[in-house]
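# Commentary on secondary and tertiary structure
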Amino acid sequence: MIAIVQEIIDETPDTKTFRLAFEDKEYAKSFEWEPGQFVEVTVFGAGEAPIGFASDPNERSFFELTVVERGKVTRAMHALKKGEKVGIRGPFGNCWPLEDMKGKDVLIVSGGCGLAPLRPAILQILANRKEYGNFLLLYGARTPADRNYKYDLDAWAKRDDMQVLETVDVGDENWKGNVGVVTTLFDKMKVDGENTVALTCGPPIMIKFVTLELLKMGFSEDRIVTSQERYMKCGVGKCGHCCINHVYLCTEGPVFTYAQMKELFELKL
Amino acid sequence: MKKDYSILKKSDVPAFFASLANEMQLIGPKQLFAGDVTFDVIQSHKDIYWDYGHVVYPPKRFLLPHFEDMFRYTCDEQIKIEPTCNPQPQAIVAIRSCDVAAIRFQENFFSYPIVDPYYKERLNNTVLFNLVCNTPPKEECFCICCDSGPWLESGFDVQLTDLGDRFLYEVGSDKGEKATEPRAYMLLPATPADIEARRQIELQADSRFQTVSYLAKAINFISADEVPAKIWEDLGSTCFRCGACTNLCPVCTCFTVDDREEPDGTFTRCRSWDSCQYAGFTREASGHNPRPTFGSRVARRFYHKTSYQYIIRDGRHGCVGCGRCITACLTKLGLPDVVKRIRREMHEFLPPKEKAAEV
């Protein structure tokens, strides 16, 4: 389906958020998605790429995709202007287990643009804040300039119903917060490993160390939930690129618990 | 459906396929100028090279083309999208049992859980005339280990067995029935002697194989992730990453998708064959590659071919024993050799007690 770029938000030097609305208003009404899912975006003339939803799932008049400029399609996407058209297929994939998490504390650990697929989950939890226990967000970026959703992070930090801890790998003269990888924030937080569900997304190396630390803290394997990344083409389990063991990430993932990851040999830590 | 045997006399074969050619495009084994035989479009039924033995290049491309245009679009003010897939009726004549089994595997893969309309549409328009192998199998053939030949119980539309001056003609599907009907007058009823002659051919065929692949144990090791990375790395160390194994494999389906600019300024979305043996197959835009080594990619290929998880998922293991990966590989990374090396080298990894039991 054809969608129109309504708004482009500069997040970091190489990342933009695109606000998109379907041309066909009837289709827009029927278009439902869950936090954690993704769409295949066609930038006409360049190709197609899978991008995760990054906006509030309850907002039905538009959705947002956060895109880092890396390959052919994302480069072409960054060249788009307001009012231009893209093609959308989807939604694809599974979602964060937000229903099952009700009544529990929530810990979100994210790095870099890994915050994008978690943002709908955060917004959903905040919209139903009473149904969850303590809510803690850890976020790591390379430098202060590489922080995604600065406006959200600053607003969330001011809320008294959630706690936000941030870190950067390399600070600058204005940065007064923590410096170090995201796991260095673990000393500063108090979580009840028995009653908390952890959602994590970020670079593979971050997911690895976060998972190892969480296991040490007493999180059970089915309470550590990650969104995995793989090179992907078709989105419907046919092209074979995203397949890990016999599981096609685009149809059965990208969200897996560590208990499930262990069964997929390549994701075992 | 009830098995129905008839006889097609070889003297009637030209008329039969000339008549079929009026209804659909014929694809069949064709001898090229230099003497090589390959599956190609048959212009005249006379070009069907019946005594071809085996071909290196499978007829996979007639159902899953190297480059398949999916749709075309314009980038003007109004985005216009036009479908380009319009498969015409075709018959693949004198295809071998292993390749038919591979097509059934692909059919299953492309139908479940999500239907691939491009493959499905092509296959719906294709009739398979299987020719039973009663020539000696080539050195690399091991279909007998893979439940995919030399003759088939099911899966074919029509199956032909060469009985000298005549073919035993079996119809195996509604599609086969439909393709036979207008020419049914050319068929004669089969006699018990014809059926006995075929049984004898089957019995002989069983004893002729030179290559065997004892898959079961390797399937166990691979399914349970028990093959140490070192064995895979040793195997991978000889891989030239040419991709010939996956390109020649009649079962392999992986593809990539690109948008191609046409001279008239429109764009075509095109899918083309890809190979899990290439480093770029899993390399992400960030540069991170979850399968960074040759060994990890070879492990991936054999996991897909032989693991229980895939057998459950796809109804059979992903090898039909055609032996093409053996023919193609410069360094013996064909399935039987890998299975043999896994069995042998795993033996060295096992503790002494189990080792004794293993011998």
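In this text the structure is predicted, and so the values were computed from the model without any measurement.

## Concerning the overall build of chain B
- A count of helices and strands for chain B gives 13 helices and twelve strands.
- Against the compact-globule benchmark of 21 Å for 359 residues, chain B has a radius of gyration of 22 Å, which places it among compact chains.
- On the principal axes, the C-alpha backbone points of chain B span a range of 70 × 65 × 40 Å.
- Looking at chain B residue by residue over its 359 residues, the buried ones come to 54%.
- Relative to all contacts within chain B whose residues are 6 or more apart in sequence, the contacts with residues 24 or more apart total 71%.
- Summed over all atoms, the accessible surface of chain B reaches about 16500 Å², with 54% contributed by carbon and sulfur.
- Counting 44 positive and 48 negative side-chain charges, chain B places the averaged centre of each group 4 Å from the other.

## Re the pairing of strand β7 (residues 105-111) of chain A
Residue and element names in this part refer to chain A.
- Burial analysis of β7 places seven of its seven residues in the buried class, which makes it a mostly covered element.
- Where burial is concerned, the two faces of β7 agree: the one with D105, L107, V109 and G111 and the one with V106, I108 and S110 are both buried.
- Where β7 and strand β11 (residues 196-201) come together, six bridges link them in parallel fashion. Bridge pairing links D105 to T196 in β11.
- Pairing of β7 with strand β8 (residues 135-141), which is carried by six bridges, proceeds in the parallel orientation. The residue of β8 that forms the bridge with V106 is F135.
- As for the winding sense of the linkage, the β-α-β connection from β7 through helix α3 (residues 119-127) to β8 is right-handed.

Criteria and cut-off values
Residues numbered from 1 in each chain as written. Chains lettered and ligands numbered in written order. Predicted model: local features only at pLDDT ≥ 70, side-chain atom pairs only at ≥ 80, totals over all residues. Heavy atoms only, no water. Helix = DSSP H or I, 4+ residues; strand = E, 2+ residues; numbered from the N terminus. Rg over C-alpha atoms; globule rule 2.2 N^0.38 Å. Buried < 20%, exposed > 50% of the residue type's maximum accessible area, 1.4 Å probe, protein only. Contact = heavy atoms within 4.5 Å. Areas by Shrake-Rupley, 256 points an atom, 1.4 Å probe, with all protein chains shown as cover. Lys, Arg positive; Asp, Glu negative; His and termini not counted. Charge placed at Lys NZ, Arg CZ, Asp CG, Glu CD. Pairing = 2+ DSSP bridges. Right-handed = clockwise from strand over helix to strand, strands pointing away.

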